[in-house]
Amino acid sequence: MSVKIDNLLHETRRFPPTPEFAAQAVGTAQLYRDAAEDRLEFWADQARELVHWHKPFTKTLDWTNPPFAKWFEDGELNVAWNCLDRHVLAGNGDRVALHFEGEPGDSRDITYAELTAEVKRAANVLGRLGVNAGDRVAIYLPMIPEAVIAMLAVARIGAVHSVIFGGFSAESLRSRIDDANAVLVITADGGYRKGKASALKPAVDEALAGNNTTVRNVLVVKRTNGEVDWTERDLWWHDELASVDAEHEAVGFPAENPLFILYTSGTTGKPKGILHTSGGYLTQVAFTHKNVFDLHPETDVYWCTADVGWITGHSYVVYGPLANGATQVLFEGTPDTPHPGRWWEIVEKYKVSILYTAPTAIRTFMKLGRQIPQGFNLTSLRLLGSVGEPINPEAWMWYREVIGGNVAPVVDTWWQTETGAIMISALPGVTTTKPGSAQVPIPGIVIDVLDDEGNHVGRDNGGLLVVTEPWPSMLRGIWGDPERFKETYWEKFGSENPRYFAGDGARLDRDGEIWLLGRVDDVMNVSGHRLSTAEIESSLVAHPMTAEAAVVGAHDDTTGQAVVAFVIIKYSHLEESSHADLTAVLRAHVSQQIGAIARPRQIFIVSELPKTRSGKIIRRLLQDVAEGREIGDTTTLADTSVMTAIMSTLKQPP
Ligand code: WTA
């Protein structure tokens, strides 16, 4: 667990909403009362109010075969129509949907009418390429408007997108394309990162080389004008869009039609394809985006800094904001290029009023110093959100003071790829906020903290975070693996009364409010990105010179956790190369196999790993080493001298 509980328990600062903020807030205390009165009716009301139904639903929830839920089952909707056409038809076609800011400084405003027109054309291209409702389309793009257009075009025709973060390797791309049997890949020649054009298409070519039989075409967006190798299946996005009809009629699809698959790390080596469907998902992302961020679509400029390759980008760059008709910033680059004030320059330029980002970014800015944001006019900011990992009270306070000018409320939002939308958060016009706590379930969500036996822990106690009732945007399964879905999430406390086990530790404070404490399983959280220890371990042992490997997430002041690996090298290689060379090779190998985000911060070359008598690696002890602590209880070790051996062979970190 990555947060020091002692510090949290002493946190006494409280920030009630100001009367001015509360008076104009869209989310009021009435929402809690309505949800408490009749939870299902509450969600049905939200679904009717926030979503347009081609065919209205008559049933709210079918939970007769848990954990397989059906929400608004007999209703029909078109998710893309909800995000586009309806705003144009309501007379808001001229409203800016996207203020696109490219990394090299190019920018482009796209209105709802323009975005709708582009998506219609893209939908016609998909149709022409033979993509049908239900087919899977892989999207591997930088943060450019075409990423949003591609996702919505896929949704518009009732197909299923699988977005793969542009930082993932060819190997990760290949396994995701294969797992979903994608028929089409949408990519770009490249994107801009840290001041340079960086190619994307070669990774697609590499992923498809070999025995892929499902992908028929690759659509390529021209972004960097870089040289690209061309094959018969490749098509330029701009050529295709120019040559199709401009009109496209959006038809309704059943509420439980799959909308997307998004792969995320779990406790095993193989990423899980988390499946989300349409009606319930759109309802909850629209509801939370509106109420948690206090959205006033006519006047607010919203900016979520997440990449569309992650769930935060799906729910709070694409579907939530666009369903609500928001105006938002879409930024291709990184916070520090070409200068460390880039984000604040963007806030000033577009008068951003709502900012949603991750604690790791806030901590990085804290390190750089407040003089950088203070060089820009940030007075437009009136609400700040945080997501991805526990936010420590210091970072929370800095965010509020330095970025929010001591007035903007901070909402810390807890949720997951699996939950689809925000589950725990303050409502900024209602809740008195506490630095470091995500606080309360949003209206209509039921959360509990349980001990290992499934008993409620009570106030002032810690345990496991559990969602006790189904919710509209819940995952509907793991692609192709219903058994794993049941086992991983629903059977922790027995199968008679299935409750959703999130994998997070949590504590209830004296008021019964929730403090998140980090993962309790073998999932790490590095800069708000989920990584699995098992996945990195299997990548390390796949290298010919590795005999065995163990990976832990060690505390890191900036990134929350960092990947630290302990590796046993085969004897012959140890003789040939220095430790520094070996670790450099292995770090590059992990980066190439999974992606740069998974590259270990440190690799320790050791002669043995601590194991139980049944051969299970005791990561807890390695974590002690990685975090420079005194070694904990070693009595369960098969061979108690192992830790002494490890300590004596450790080299200083590179
Ligand atoms: C962690 C990201 C504490 C948590 C939306 C969860 C958080 C995992 C918070 C999901 C938060 C996310 N406070 N921890 N506000 N938000 N987490 O799937 O451990 O990338 O299980 O979804 O991030 O990560 P994922």
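Going by an unreviewed UniProt entry, the chain carries the name Acetyl-coenzyme A synthetase and comes from Cryobacterium fucosi. The UniProt entry for the chain carries this comment under Cofactor (unreviewed entry): "Mg(2+)". Turning to the chain, the UniProt record has this under Catalytic activity (unreviewed entry): "acetate + ATP + CoA = acetyl-CoA + AMP + diphosphate".

Core analysis: the largest hydrophobic core is formed by 159 residues, its most contacted members being Leu152, Ile186, Phe293, Tyr319, Leu465, Ile536 and Leu540. With 9 residues, helix α8 (residues 145-156) is the largest single contributor of residues to this core. Domain assignment of the residues forming this core places at least three in each of domain 1 (19-504) and domain 2 (527-651). Those residues in contact with Leu152 that lie beyond four places of it in its chain are Ala80, Cys83, Leu84, Val119, Val318, Tyr319 and Leu322. One finds Trp343, Ile362, Leu384 and Met397 within the second-largest nonpolar core, a separate group that totals 29 residues.

Turning our eyes to something else, we now look at the sheet that holds strand β17 (residues 327-331). A sheet is described by the order of its strands in space; here 7 strands give the open sequence β5-β4-β17-β16-β18-β19-β20, paired in mixed fashion. What marks the edges here is a single partner per strand, and that holds for β5 (107-111) and β20 (410-413). Going across the sheet, the axis of each strand differs from the next one's by a mean of 20°, ignoring polarity. Where strand β4 (residues 96-101) lies against β17, 4 bridges are found, and the strand directions are parallel. Residue Phe100 lies in a different strand from β17, and its bridge partner there is Leu330. Contacts from helix α14 (residues 342-350) reach β4, β5, β16 (301-304), β17 and β18 (354-357) within the one sheet, and its direction differs from that of β4 by about 145°.

Another aspect to go through is the site of the ligand. In the vicinity of the ligand, 17 residues are found, and the nearest of them are Asp412, Thr413, Thr417, Asp504 and Arg519. Within the backbone of Gly388, one N or O atom sits 3.1 Å away from a nitrogen atom of the ligand. Thr417 is positioned with one of its side-chain polar atoms (N or O) 2.5 Å from an oxygen atom of the ligand. Contact with the protein chains covers 97% of the free accessible surface of the ligand, which is 530 Å².

Rules used in this analysis
Residues numbered from 1 in each chain as written. Predicted model: local features only at pLDDT ≥ 70, side-chain atom pairs only at ≥ 80, totals over all residues. Heavy atoms only, no water. UniProt positions renumbered as here; feature names shortened; annotations may be inferred. Core = buried A, V, L, I, M, F, W, Y, C linked by side-chain atoms within 4.5 Å. Buried < 20%, exposed > 50% of the residue type's maximum accessible area, 1.4 Å probe, protein only. Helix = DSSP H or I, 4+ residues; strand = E, 2+ residues; numbered from the N terminus. Domains from an automatic or database assignment. Contact = heavy atoms within 4.5 Å. Pairing = 2+ DSSP bridges. Axes fitted to C-alpha atoms, helices over the stretch in contact; angles between N-to-C directions. Near = heavy atom within 4 Å. Polar contact = N/O pair within 3.5 Å; in protein donor to acceptor, adjacent residues only side chain to side chain. Areas by Shrake-Rupley, 256 points an atom, 1.4 Å probe, with all protein chains shown as cover.

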